[in-house]
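# Understanding the architecture of this molecule
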2 protein chains.
Amino acid sequence: MLKSSDGDWRAARRANARAAVLDAAWGLVRENGLAALSLRELAKRAGITTPTVYAYFESKNAILDAMFAQAAQSFVEFMSSLPASDDPVADMAAAVRRFSDFCVSDVPRYQLLFQHSVPGFTPSPESYGIALSALALARDLLARNGVHDPRHLDIWTAITTGLVGQQISNDPGGDRWTGLIEDVTRMFLAQYGDATQHKGES
Amino acid sequence: MLKSSDGDWRAARRANARAAVLDAAWGLVRENGLAALSLRELAKRAGITTPTVYAYFESKNAILDAMFAQAAQSFVEFMSSLPASDDPVADMAAAVRRFSDFCVSDVPRYQLLFQHSVPGFTPSPESYGIALSALALARDLLARNGVHDPRHLDIWTAITTGLVGQQISNDPGGDRWTGLIEDVTRMFLAQYGDATQHKGES
DNA sequence: GTCTATAAGTTGATAGAC
DNA sequence: GTCTATCAACTTATAGAC
């Protein structure tokens, strides 16, 4: 018994220490960009030395993978509770706004999660699986609003990632493209939403 | 006279040597990615040594800037002659297809030109000016098809870059998103094109 | 677990001979 | 202009003392 609770303690302490390293890593990439993640700077931030980092992560890629998993988990939680009213445009626009808020509020996280922009890094299947489950949320949302064709889901992801990408690349901190979310949602649903078939009935 | 033509000769030879270095640089980034551009590998490819590279470019950033200018120039030329029929959907879809062809045919060029994804690099104002003149082409094309609101131009750039970005990130070499160009163009023009006002007249 | 010290490899850029 | 040789700084990762 004592031995087992000792093990729990140690596991918890180890998890805390790992989390502290990851927190330092996030702070570093938020300030200096994803490419500036070096183990030296990371260790300095975490108040330890470089070899100690290797006591908790077996490599730099393992750190990136843990960050990817954290980002994916945050994304799923952030997108999981969305309003469901009787107004499709409002619901879908709210989802896009939620998505864009997530992306623009932490650009390095966005780049790690969606742009695969770290040269030698590929997320592990487990981490990637978490990210994939978020696409299912988008599919459900569209289905609830009468969009069933997978091609239309592809169009929807292109539009939303396009808005976010332009916003981040060409107007960081502004709302030049995020301010177009409602218009774009209306355009999309006018072409592919439920109302398309119902127009003749009104 | 002799002195002046001597100068021309030397200038031409120098320009050729610079071009050869840039060609080697493009080959390198196309094979190994933008991040893998190192002066050692570059010199090896060009058949010279590292210090000789500095006889033609004052720094690595100068090389990247020359590459950016080349990319922007290619882009303007690639996009400058576009069909102008009486079918707005066909014309605009052709322009997007041209754009996506340009992007997917040379992904590192696309990343350098549009994603600003090289850590310490910012293009010089001259090089950036070339790139900006290409956006004017898109604006003219939309104006010719009855789209005048600058907000709608922003929507258009978001859609087109979104399609290309998804294509490159999630289906490289395929046509899952580029195959949607015609549909998306129809959707956009149905909402914002000339035909919108003319529908009641037909 | 945490450290000092260091390995073994990059990188961009330069000095100086020819 | 082109080379050899090298600098100074950085990277990830490890050996071994405590």
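Residues numbered from 1 in each chain as written. Chains lettered and ligands numbered in written order. Predicted model: local features only at pLDDT ≥ 70, side-chain atom pairs only at ≥ 80, totals over all residues. Heavy atoms only, no water.

## Some remarks on the UniProt feature "domain: HTH tetR-type" (unreviewed entry) in chain A
Threshold: UniProt positions are given in the numbering used here, feature names are shortened, and annotations may be inferred rather than shown by experiment. Each helix is a run of H or I in the DSSP string that is no shorter than four residues. Each strand is a run of E no shorter than two, and both are numbered from the N terminus.
As recorded in UniProt, the sites labelled "domain: HTH tetR-type" (unreviewed entry) are residues 15–75 of chain A. Secondary structure content for residues 15–75 of chain A is 80% helix and 0% strand, while the C-alpha to C-alpha distance between its ends is 21 Å.

## Some points on the relation of the copies chain B and chain A
The condition is simple: Fitting of the copies onto one another was done by least squares over C-alpha atoms, counting residues only where both copies have pLDDT of at least 70. Contact definition: two residues touch when any of their heavy atoms are within 4.5 Å.
In screw terms, the move from chain B to chain A is a rotation of 180° and a rise of 0.0 Å along the axis, fitting with an RMSD of 0.1 Å. Given the turn and translation reported, the copies of this chain are related as if by a two-fold rotation axis. Of the C-alpha atoms belonging to chain B, the one lying closest to the rotation axis is found on Gly162 of chain B, 1.8 Å away. Comparing interface residues between copies, 100% of those in chain B also lie at the interface in chain A; the contact surface is shared.

## A look at the nonpolar core
The cut-off we apply is this: Here the nonpolar core consists of buried residues drawn from Ala, Val, Leu, Ile, Met, Phe, Trp, Tyr and Cys, with membership extended through side-chain atoms lying within 4.5 Å. Three labels apply to residues, based on accessible area from a 1.4 Å probe with only protein chains included: buried if under 20% of the type maximum, exposed if over 50%, partly exposed otherwise in between.
Counting 44 residues, the largest nonpolar core has Met187 and Phe188 of chain A together with Ile159, Met187 and Phe188 of chain B as its most contacted members. For this core, the elements supplying multiple residues, two or more each, are helix H5 (88–104), helix H7 (125–144), helix H8 (150–170) and helix H9 (181–192) of chain A together with helix H5 (88–104), helix H7 (125–144), helix H8 (150–170) and helix H9 (181–192) of chain B. Look past the residues within four positions of Met187 of chain A in its chain and what remains in contact with it is Ile159 of chain A together with Ile155, Ile159, Met187, Phe188, Gln191 and Tyr192 of chain B.

## Here's the deal with the pattern of salt bridges
Opposite charge on two side chains allows them to pair when their charged atoms are near. Residue and element names in this part refer to chain A. Rules: We define a salt bridge as a side-chain nitrogen of Lys or Arg found within 4 Å of a carboxyl oxygen belonging to Asp or Glu.
Tallying each qualifying case throughout the model produces 15 salt bridges over all chains. Here Arg45 and Glu31 are joined by a salt bridge, their closest N and O atoms 2.8 Å apart. Here the residue Arg45 occupies a position in helix H2 (residues 39–46), and Glu31 occupies one in helix H1 (residues 2–32), the gap between them amounting to 14 residues. Its relative accessible area of 38% is what places Arg45 among the partly exposed residues. Residue class for Glu31 comes out exposed when judged on its relative accessible area of 56%. A salt bridge links Arg186 to Asp183; the shortest N-O distance between them is 3.9 Å. Of the two residues, Arg186 and Asp183 are both situated in helix H9; the distance of three residues between them amounts to about one turn of the helix. Judged by its relative accessible area of 39%, Arg186 is partly exposed.

## Focus: the protein's contact with DNA strand C
Using the following cut-off: The rule for a residue being near a molecule or strand is that one of its heavy atoms must lie within 4 Å of it. Pairs of N or O atoms within 3.5 Å make up the polar contacts considered here, provided that, within protein, one atom can donate a hydrogen while the other can accept it, and that residues adjacent in sequence are counted only when both atoms are side-chain atoms.
Looking at DNA strand C, there are 14 residues lining it, with Thr49, Thr52 and Tyr56 of chain A together with Tyr54 and Lys60 of chain B nearest. In DNA strand C, atoms within 4 Å of the protein come 58% from sugar and phosphate. At 3.3 Å from a phosphate oxygen of DNA strand C is found a side-chain nitrogen or oxygen belonging to Ser38 of chain B. Of all the elements in the fold, those that place two or more residues in the surface near DNA strand C are helix H3 (50–56) of chain A together with helix H2 (39–46) and helix H3 (50–56) of chain B. The dominant element in the surface near DNA strand C, judged by the number of residues it contributes, is H3 of chain A, at three residues.

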